[in-house]
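# Structure assessment
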Amino acid sequence: MASSPCGNSNFDSGLEIKTRSVEQTLIPLVSQITTLINHKDKPKKSERTLAAIHRVGQAVSVAVGRFVAVGEAIAAENQELKDEMGQACFEARRAGDAIAQLTDVGSALPSQSDGRVTVFSDRTGMVKAARLLLSSVTKVLVLADRIVIKQIITSRNKVLVTLDHLERVSTFQEFVQIFSQFGNEMVEFAHLTGDRQNDLKDEKKKARMAAARAVLEKCTMMLLTASKTCLRHPDCESARINKDAVFHRMRCALEQVIEIVTEARSCGENKILPASIYNGIKDFKSSVECLRENLHSLSPQNVDSQLEALVERTEDFTDSAYTSHEQRQAILSLCQLARQDTQQLMHAWVEAQSVHAKEATEDMEVAILKTCQSVSDLRRELHKVAVGRASDLLKVHGEQLPLRALKAAGAEGNLEAVAEYSRTLTEQKEQLVETCRLLCHVSGTEPLEITCIHAEETFHVIGPQIISAAQTLALHPSSKIAKENLEVFCEAWESQLCDMALLLREINDVFEGRRGKHSANLKTAKAVKLDAEEQTSMAKLGLELRLLSSDVDTEVEKWEEQEHDIVRQSQSLASMAYNMYLFTRGEGLLKTTLDLFHQAEVLSEEGLQLCSSLRTFSTQLVDEEKSVVMTEMEKLVALCQQLQMGAKTPVQGKTATFQKVDSSIQTTRGILTVVLSLLPFCNKLNKKYKSERSSLGSPHDWRERQDASTPVKEEGALNSKNTNGFGVKSLEQHMAGLNLLESK
């Protein structure tokens, strides 16, 4: 397919498109203008081609005319948009007329040489008209989108007014009447915000909107029972506290929705995500890897301060009373190792600059690889701690013992027991809040970070609300409404625990390379499946991958030490390669090409983990043995680098996507081939030196022989710098029937 000139930044209207509906509305227009622009450098046309171009030009002009009529009608109904919309419609109509004139057969000139007709005598005129048309149409759509935002704000204002009335009612009859109105208004608000959430392009905003709407949904039932309890027991302080907390939370959630749709900033409460360790590690590795191409891209002090800021964030783990001594020591040791590797990098860096090196030296390459590996190991350990604690808490809290005890104590009117079990619930709440904070550090995507923050806030708020509801029941043990109210809050707690279990599964999916529903980085390209013809083409390559993964499994079974890092990582590579084989057959967990490419990235990272283990293993070997292992390891590093870079490179079109699939699987085949050659050799050496250690009776003798050996140099060190290349999207992606606005 010919490349579209609409990708040129000259066509950027300067207006950011934030919703998918606006994006999709522009697709037909962009397609038609692309057809016209693609011919502007080919002035000589046959009569048939000329007629086609004329039809396209006239179709654009007619569509723009209808489009503008709708825009002008919107302007007439919304005085605040009248001037801006009127100007945009005027420019769109003028551009449409210009395109119609430029493609008019009557204005075409016959060529003196061959009699064919020449169009676009004013070649720059078409480009200018196209630019003006796209800019003005986009502006009309963005202005029309403000109407949707206005509807949401108006709906929110109605809800707030009714909420104020509900808070002040003093009789059941009045409450029932106003709550019925409130319910209808909340349904309207839910529909508007739900549509907006689905329409948003920004995954972070979608996650925040989902969190706010979840609060409103759950709080509506809480508001009902808390208000009824307060009306039944007007002099009860705990009932009033319980109700006030619900109203406050609803108002905060309503305000958050408006902040999202208007991109406003609340006074001092702008929702900036806390600095997570995952993002800190990602940024640190990116800075370190930039040194490969530019030794002066930043200063040693900058790298050192980045690392220290990262280490400081780990204090959320090490300072926790719930972190075991072993876990704390493991984290501190990995932080210290990261510092040491970074210092070695600094020395190699300074030395490279002193000899005026233009690019990273071999010593720097090794240091960069070691530094990146050490912070990756730190991330792995932190993930294990956070996920492990969350899993344990969910198992313990799944029995709901404090909740059952609070219900029973409240129904018995036992205030002392309520106070005792309230302390237990408060401790559980604090554990859950802290665990959500740790999960946020390792979640892996910004939408999941937002979901972790929502879970943390929910536990923090609902815990005290359950206690106040239990206190109210204990004071009025025969009150059916007080009992119902406590049940509602307990159900909300249990519901959040279920949500946390799903969140934990998604965090694990992202970490292990499986696809989670919030994973925004997997949505940068269209997800497609292989068709029958492509599966047939991939059959031979897929079968080779299947056989290699089976051979690797066979070799690792021969190792006596099944927990050895080389064994564990090789098994992981074989498992992921088998998933890729199943993909070529249209089976297994990998459903689309995006799943496959993400699996390829994870496989490459696991391959580099194996390289790190091989490097450690080689320090025990004599020179000849070490040389063999290091030679194969360098091949493995190069292949993993090739796989990772290929998987991250964006492609468009069916053919290019298939070629990327083919390349990813071929490179994976190469990786397994190298691993298969290394496994028996390393197993043999491992047995040999294990036997020597046993006979010598000293567990460290086999390392002492290498004290004088030179450092290993890895010329094929991985350059995993972010090369997504997702900069300014082409206009086809940004501007995507004109008929949508007409339907509004």
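What you see is a predicted model, and the numbers here were worked out from it, not measured in a lab.

When helices and strands are counted, the protein chain shows 25 helices and three strands. For the protein chain, buried positions account for 49% of its 744 residues. About 35200 Å² of surface is accessible on the protein chain, with carbon and sulfur atoms providing 51% of the total.

Looking now at the pattern of salt bridges. Within the structure shown, the criterion is met by 24 salt bridges. In this structure, arginine 240 and glutamate 237 form a salt bridge, with 2.3 Å as the shortest nitrogen-oxygen distance. Residue arginine 240 and its partner glutamate 237 are located together in helix α8 (residues 237-262), separated by three residues, close to a single helical turn. Taking the shortest distance from any N to any O, the salt bridge between lysine 558 and glutamate 555 comes out at 3.2 Å. Through salt bridges that share partners, Asp164, Glu167 and Arg251 make up one connected network.

Glancing now at the state of the cysteines. Going through the model one piece at a time under the given rule, you end up with zero disulfides. Counting only cysteine sulfurs, cysteine 252 is the nearest neighbor of cysteine 219, a cysteine outside any disulfide, at a range of 9.7 Å. Between cysteine 640, a free cysteine, and cysteine 611, which holds the nearest cysteine sulfur, the sulfur-to-sulfur gap is 5.1 Å. Under the relative-accessibility criterion, cysteine 640 is labelled buried at 0%.

With that settled, consider the packing of aromatic side chains. One pass over the full model with this rule turns up four aromatic pairs. Between phenylalanine 175 and phenylalanine 179, the aromatic rings sit 5.5 Å apart at their centres with planes inclined by 25°, giving stacked as the arrangement. Taken as a pair, phenylalanine 175 and phenylalanine 179 lie in helix α6 (residues 172-199) at a separation of four residues, close to a single helical turn. Look at phenylalanine 179 and you get buried, because its relative accessible area is 16%. For the ring pair phenylalanine 459 and tryptophan 493, a centre distance of 5.2 Å and an interplane angle of 70° mean the geometry is edge-to-face. Residue phenylalanine 459 is located in helix α16 (residues 446-475), and its partner tryptophan 493 is located in helix α17 (residues 480-512); the two are separated by 34 residues in the primary sequence. The ring of phenylalanine 597 has lysine 660 sitting right over it, with the charged end atom 4.2 Å from the ring centre.

So, about unusual backbone geometry. For histidine 356, which is not glycine, the phi dihedral falls at a positive 60°. Mapping histidine 356 onto the fold places it in the loop between α12 (325-354) and α13 (362-397).

Turning next to the environment of serine 170. By the element assignment, serine 170 lies in the loop between α5 (123-168) and α6. Residue serine 170 is classed as exposed on the basis of its relative accessible area, which comes to 59%.

Let us now look at the nonpolar core. Counting 106 residues, the largest nonpolar core has Phe317, Met364, Leu439, Ile466 and Trp493 as its most contacted members. For isoleucine 466, the contacting residues outside a window of four places in its chain are Leu403, Leu406, Leu425, Leu486, Phe489, Cys490 and Trp493. Among the nonpolar cores identified, the runner-up in size contains 48 residues, and Ala577, Leu643, Leu685 and Tyr689 belong to it.

Okay, the packing of α13 against helix α20 (residues 593-618) next. Interhelical geometry of α13 versus α20 gives an angle of 110° and a closest axis separation of 11 Å. By the angle between their axes, α13 is roughly perpendicular relative to α20. In the packing of α13 onto α20, the handedness of the crossing is left-handed. For the pair α13 and α20, contact is made by Leu369, Lys370, Gln373, Ser376, Asp377 and Arg380 and by Glu606, Leu608, Gln609, Ser612 and Arg615, respectively.

Considering the arrangement of structural elements, one finds leucine 503 in helix α17. On the accessibility criterion, leucine 503 (5% relative accessible area) is buried. Between the C-alpha atom of leucine 503 and that of cysteine 452, which follows or precedes it by 51 residues, the distance is 7.7 Å. Leaving out residues up to four positions away in the same chain, leucine 503 has contacts with Leu448, Thr451 and Cys452.

Attention now goes to the environment of tyrosine 578. You can see tyrosine 578 is positioned in helix α19 (residues 565-584). Taking C-alpha positions, tyrosine 578 is 7.0 Å from leucine 545, a pair spaced 33 residues apart along the chain. If sequence neighbours within four positions are ignored, tyrosine 578 has contacts with Arg546 and Ser549.

Take a negative patch on the surface next. Together, Glu312, Glu315, Asp316 and Asp319 make up a negatively charged patch on the protein surface. Considering the arrangement of structural elements, one finds aspartate 316 in helix α11 (residues 315-318).

Turning our attention to the packing of α8 against α16. Two numbers describe how α8 lies on α16: the axes approach to 8 Å, and their chain directions differ by 155°. Here α8 is positioned roughly antiparallel relative to α16, judged by the angle of their axes. Like other packed secondary-structure pairs, α8 and α16 cross with a definite hand, here left-handed. Between α8 and α16, the residues in contact are Ser238, Ala239, Asn242, Ala245, Val246 and Arg249 and His454, Glu457, Thr458, Val461, Ile462, Gln465, Ser468, Ala469, Gln471, Thr472 and Leu475, respectively. Its residues assigned to classes, the contact of α8 with α16 comprises seven nonpolar, eight polar and two charged.

Turning our attention to the confidence of the model for the protein chain. Residues at a pLDDT of 70 or more form 81% of the protein chain, whose mean pLDDT is 80. Predicted confidence in the protein chain is weakest over helix α24 (residues 731-734), with a mean pLDDT of 26, and strongest over helix α15 (residues 415-442), with 95. Scored below 50 in pLDDT, residues 266-270 shows two contacts in the model against residues more than four places distant or in partner chains. Confidence over residues 517-525 falls short of pLDDT 50; this stretch has 18 contacts with residues more than four positions distant or in other chains.

Turning our attention to the side chain of glutamate 434. Mapped onto the secondary structure, glutamate 434 falls in helix α15. Overall, the relative accessible area of 17% leaves glutamate 434 in the buried class. What glutamate 434 contacts, discounting residues up to four positions off in sequence, is Ser320, Tyr322 and Arg389.

Rules of the game
- Residues numbered from 1 in each chain as written.
- Predicted model: local features only at pLDDT ≥ 70, side-chain atom pairs only at ≥ 80, totals over all residues.
- Heavy atoms only, no water.
- Helix = DSSP H or I, 4+ residues; strand = E, 2+ residues; numbered from the N terminus.
- Buried < 20%, exposed > 50% of the residue type's maximum accessible area, 1.4 Å probe, protein only.
- Areas by Shrake-Rupley, 256 points an atom, 1.4 Å probe, with all protein chains shown as cover.
- Salt bridge = Lys/Arg side-chain N within 4 Å of Asp/Glu carboxyl O.
- Disulfide = S-S within 2.5 Å.
- Phe/Tyr/Trp six-rings, centres within 6.5 Å; stacked < 30°, edge-to-face > 60°.
- Lys NZ or Arg CZ within 6 Å of the ring centre and 35° of its normal.
- Core = buried A, V, L, I, M, F, W, Y, C linked by side-chain atoms within 4.5 Å.
- Contact = heavy atoms within 4.5 Å.
- Axes fitted to C-alpha atoms, helices over the stretch in contact; angles between N-to-C directions.
- Parallel < 35°, antiparallel > 145°, perpendicular 65-115°, else oblique.
- Left-handed = near helix turned anticlockwise from the far one by under 90°.
- Patch = residues over 30% accessible without salt bridge, like charges linked within 9 Å, V, L, I, M, F, W, Y side chains within 5 Å.
- Lys, Arg positive; Asp, Glu negative; His and termini not counted.
- Charge placed at Lys NZ, Arg CZ, Asp CG, Glu CD.
- Nonpolar A, V, L, I, M, F, W, Y, C, P; charged D, E, K, R; others polar.
- pLDDT = per-residue confidence, 0-100.

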